[in-house]
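This is what each chain is made of:
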Amino acid sequence: MGPVPALHEPLKKILGGSTAKVMAEHLDLHTAGDLLHHYPRRYAERGELTRLADLPLDEHVTVVAQVAKAAMKTFNHGKGVRLEVVVTDGSGSLTLVFFGRGAYAREKELIPGRRGMFAGKVSVFNRTRQLLHPDYELLDRDSEAGAAEAFAGRLLPIYPACKQFQSWKLTKAVDTLLDLFEAEQWQGLMDPLPPSLRDGRGLAELPDAFRKVHRPRTKADIEDARARLKWDEAFVLQVALARRRHADSQLPAVARKPVAGGILDAFDAKLPFTLTEGQRTVSAEIFDDLATEHPMHRLLQGEVGSGKTMVALRAMLGVVDAGGQAAMLAPTEVLAQQHHRSVVEMMGELAEGGMLGGAEHGTKVVLLTGSMGVAARRQALLDLVTGEAGIVIGTHALIEDKVQFHDLGLVVVDEQHRFGVEQRDALRSKGKQPPHLLVMTATPIPRTVAMTVFGDLETSVLDQLPAGRSPIATHVVPAKDKPHFLARTWERVREEIEGGHQAYVVCPRIGDDLGEENGTKTAAKGRSGSSKGDPEKAAAEADGERRPPLAVVDVTEQLTKGPLKGLRVEVLHGRMQPEAKDDVMRRFAAGEVDVLVATTVIEVGVNVPNSTVMVIMDADRFGVSQLHQLRGRVGRGSAAGLCLLVTDAPEASPARARLAAVAGTLDGFELSRIDLEQRREGDVLGQAQSGVRSSLRMLTVIDDEEIIAAAREEAAAVVAADPELAGLPELRTALDALLDEEREQYLDKG
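Residues numbered from 1 in each chain as written. Predicted model: local features only at pLDDT ≥ 70, side-chain atom pairs only at ≥ 80, totals over all residues. Heavy atoms only, no water.

1. Here we look at the overall build of the chain
Check the secondary structure of the chain and you find 27 helices and 21 strands. Within the chain, the proportion of its 750 residues that are buried is 52%. Of the roughly 32500 Å² that the chain leaves accessible, carbon and sulfur atoms contribute 52%. (Helix = DSSP H or I, 4+ residues; strand = E, 2+ residues; numbered from the N terminus. Buried < 20%, exposed > 50% of the residue type's maximum accessible area, 1.4 Å probe, protein only. Areas by Shrake-Rupley, 256 points an atom, 1.4 Å probe, with all protein chains shown as cover.)

2. Quick word on the sheet that holds strand β19 (residues 595-598)
One open sheet accounts for six strands, arranged β16-β21-β20-β17-β19-β18; its pairing is parallel. Either end of the sheet is taken by a strand with one partner, and the two such strands are β16 (472-478) and β18 (569-572). Strand-to-strand twist across the sheet, computed as the mean angle between neighbouring axes with direction ignored, equals 20°. Where strand β20 (residues 611-616) meets strand β21 (residues 641-647), four bridges bridge the pair, whose relative direction is parallel. Note on β21: the bridge partner recorded for V613 is L642. Running at roughly 150° to β19, helix α20 (residues 552-561) makes contact with β17 (502-506), β18 and β19 of the sheet. (Pairing = 2+ DSSP bridges. Axes fitted to C-alpha atoms, helices over the stretch in contact; angles between N-to-C directions. Contact = heavy atoms within 4.5 Å.)

3. Structural notes on the environment of G324
Examined against the element boundaries, G324 turns out to sit in the loop between α12 (308-321) and β10 (325-329). For G324, a relative accessible area of 6% translates into the label buried. The spatial distance from the C-alpha of G324 to the C-alpha of L408 is 5.8 Å, given a sequence separation of 84 residues. Ignoring sequence-local partners within four residues, the contact set of G324 consists of R256, V319, G390 and D407.

4. Structural notes on the packing of aromatic side chains
For the structure shown, the criterion picks out six aromatic pairs. A centroid spacing of 6.3 Å and a plane angle of 75° characterise the contact between F98 and Y136, whose relative ring orientation is edge-to-face. Separated by 38 residues along the polypeptide, F98 in strand β4 (residues 93-99) and Y136 in strand β7 (residues 135-138) bring together distant segments of the chain. In this pair, the class of F98 matches that of Y136, namely buried. With 6.1 Å between their ring centres and 10° between their planes, W186 and F210 make a pair best called stacked. Here the residue W186 occupies a position in the loop between α6 (167-183) and α7 (195-200), and F210 occupies one in helix α8 (residues 206-214), the gap between them amounting to 24 residues. Both residues of the pair, W186 and F210, count as buried. (Phe/Tyr/Trp six-rings, centres within 6.5 Å; stacked < 30°, edge-to-face > 60°.)

5. Details of the packing of α12 against helix α13 (residues 333-347)
Running from N to C, α12 and α13 cross one another at 70°; their axes reach a closest spacing of 11 Å. Between α12 and α13, the crossing angle belongs to the class labelled roughly perpendicular. Considering only the axes of α12 and α13, their crossing is right-handed. Contact residues: α12 offers T309, M310, L313 and L317, while α13 offers H339, V343, M346 and M347. Grouping the amino acids of the contact of α12 with α13 by side-chain chemistry returns six nonpolar, two polar and no charged. (Parallel < 35°, antiparallel > 145°, perpendicular 65-115°, else oblique. Left-handed = near helix turned anticlockwise from the far one by under 90°. Nonpolar A, V, L, I, M, F, W, Y, C, P; charged D, E, K, R; others polar.)

6. Description of empty space enclosed by the protein
All chains considered together, the criterion is met by two cavities of 30 Å³ or more. Approximately 40 Å³ is the volume attributed to the second largest cavity. Lining the second largest cavity, in full, are V254, R256, D407, L408, G409, K432, Q433, P434, P435 and H436. Looking at side-chain class alone, the lining of the second largest cavity contains four nonpolar, three polar and three charged residues. (1 Å grid on protein atoms, 1.4 Å probe; cavity = no way out; pocket = protein on both sides within 12 Å on 5 of 7 lines; lining within 4 Å. Points joined across faces, edges and corners; volume = space filled by probe spheres on them.)

7. Some remarks on the pairing of β21
With seven of seven residues buried, β21 lies mostly within the body of the structure. Both faces of β21 are covered, namely the face carrying G641, C643, L645 and T647 and the face carrying L642, L644 and V646. In terms of strand pairing, β16 meets β21 through seven bridges, oriented parallel. Bridge assignment links P478 to a residue of β21, and that residue is T647.

8. Describing the sheet that holds strand β9 (residues 297-302)
Reading across from one edge, β11-β12-β10-β13-β14-β9-β15 is the order of the seven strands in this open sheet, with parallel pairing throughout. If you trace the sheet from one side to the other, it starts and ends with β11 (364-368) and β15 (458-462), each paired once. Across the sheet, the mean angle from the axis of one strand to that of its neighbour is 20°, orientation sign disregarded. Judged from the five bridges that link them, β11 and strand β12 (residues 389-394) form a sheet pairing that is parallel. When the bridges of β12 are listed, L367 appears paired with I393. Its contacts with the sheet put α12 on β9, β10, β12, β13 (408-414), β14 (436-441) and β15, and the angle it makes with β13 is roughly 170°. Where helix α14 (residues 374-386) meets the sheet, its contacts fall on β10, β11 and β12, and the angle it forms with β11 comes to roughly 130°.

9. Quick notes on the nonpolar core
By size, the foremost hydrophobic cluster in this structure holds 34 residues, and its most contacted members are M347, I391 and L410. Of all the elements, α12 adds the most residues to this core, at nine residues. Setting aside residues up to four positions removed in sequence, M347 forms contacts with I263, F267, K270, L313, L317, T363, V365 and I391. L27, F165, V213 and A225 belong to the second-largest nonpolar core, a separate cluster that totals 32 residues. (Core = buried A, V, L, I, M, F, W, Y, C linked by side-chain atoms within 4.5 Å.)

10. Some points on unusual backbone geometry
Phi angles above zero are rare outside glycine, and N126 is one such case at about 50°. Position of N126 among the secondary structure elements: in the loop between β5 (115-125) and β6 (128-132). One non-glycine residue, W186, lies in positive phi territory at about 55°.

11. Side note on the packing of helix α11 (residues 277-290) against α12
Contact geometry of α11 with α12 gives a least axis separation of 10 Å together with a crossing angle of 35°. The element α11 and its partner α12 pack so that their crossing is right-handed. On α12, the residues that touch Q279, V282, S283, I286, F287 and L290 of α11 are M310, V311, R314, A315, G318 and V319. Looking at the contact of α11 with α12, its residues break down into eight nonpolar, three polar and one charged.

12. As for the confidence of the model for the chain
The predicted coordinates of low-pLDDT regions are not to be read in fine detail. Per-residue confidence for the chain gives a mean pLDDT of 80, with 82% of residues at or over 70. For the stretch residues 680-694, pLDDT sits under 50, and the model shows 34 contacts to residues farther than four places along the chain or on other chains. (pLDDT = per-residue confidence, 0-100.)

Take a look at the structure:
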């Protein structure tokens, strides 16, 4: 093993091909560095074990416990056997179940008094928590002093593991690796933290941190290691973001200063209501940015309905006054059309610039989408290139090569997480100089995540709801425990429709492809067929064989034949042709459809004030923020909204706790915090940010706000003093490893 490529060394060379293959396929670990950074999830002490009482359902866990009793049982008139072993840790107990031939072999080993590590997926059968066919490693197989002593004082690292590669195998692999590094005296290990920062904050040396995190002798060791390793992650990430901000701040832009007596003043004068204080503050921040000669990069966060579009429109009008053009980008055609409609409505005659009857200050507002007719498209492109149109609203079609602007000054992007930075950059290149940029999102993002994910954008938050929004009542409907609640749900839907309103029913899946179909059909049947009397079947179910998620196609069929018979029910999902989708949405908006059964395509921006009830099927399969977004589709008019979260999840499960949280508050920021606490750091940065996501192993975005904020300051100082990081070669190497060149460019894909 050479000194320098230590961390890049493939695991194949160190641990052998077959082990490395399993680790690569199931745990995504490929190099020595990957394994060193695969930290223990927690540590079990010999004396103080995981509380069995707190085990989460449906998760793969590793516990350390003692066998209390073991019994062989027969079933199926004596044809089948199963071994039931009860293990305990003082806080609670857990039953291990082994069927068939395996039962006899295990009966000899798992005798009362033995202690071991047991790994498997937690399920519930007959109200008892169990692990089915768990893997295990007995700790004191030879109860002689030797082996028992080895474990006595040790904190046992429990690693994030999987069925194919248990925690104790990871312990052995990490031990092999640490011994190799120790023998080499950690040559070639690059330390990304500048020494002054490390010493100034009293952080451990890197080799020391790795030793302490994988082989801690005391709890203090674990704390030291974590403090150090969290700093690495936070700092390297913040340096990447600081460099991006620095590069952006070097770009030139045309300052767009507001003009008195222009279209913006005319617009403000005819507003039928006053802006909320939040809207005024945020507008002021935006206009300050627009007046500078560097491009604005601002993220505008606001709850559904908090008036983001109004703030964005005023910014666009200000730019038009200053002689520029503004473009608003929406993720879908339906949304682009909707924005276009609402902007034209808000502006009234001001949107008829250049036409008879238009206001003298007006400007043309054009729509540009992929499915427009040739003539309309040609006219829109002409209006853009001549500058006749001050505002254009469209989809990705705006980015095509053919589209030329007269003088693009501001780009507003709706819903960042559906819009990559490549497109943003393509649009940016349309301006003579880079245009100003405003990104809007209705997904509330806690401050730390904004600092991490959108670290290159300044953030503005709108947190008051304008007057006139109706409250939304949310209830959990436990369909499995209380079927009559589900029946009542459909009655409520009928009542709303009889009252002249409309409803949404959302399902997690479309369900119209053949592979899915069979699974779905059996699932629908399996719902009534219980597995109570059949342990083998129960075992399969407990082993994570949940029924497939409910599908739009099947649910629609059941509803139209059953509880919603006679109502006008339509389907909407992502695989429909754009024209068909638009047609359904148009008819729903016009009140010609009573119930829309859809996938989450309706999550963003669908605005039908007359729809008052939202039923979400299999609600436990959606994230908290997603449920909050979906709920925001009702209660948009003067009538109150109702959101019903239908679930089969058991009462004590984490999934139910999540749903209860959504039902308990309408505050999106509060929910996004809960969401983070539930999901922890894993998915918070979103799938698109694979480079960033995989780099956050120790840092939990929710708990480490101080570290992230401090790292952001340190990173800004380092980059300001040395933008190219010429004096910090180790930091450069760490950055390259984190990002690769193009990843740094696209760090903020979102």
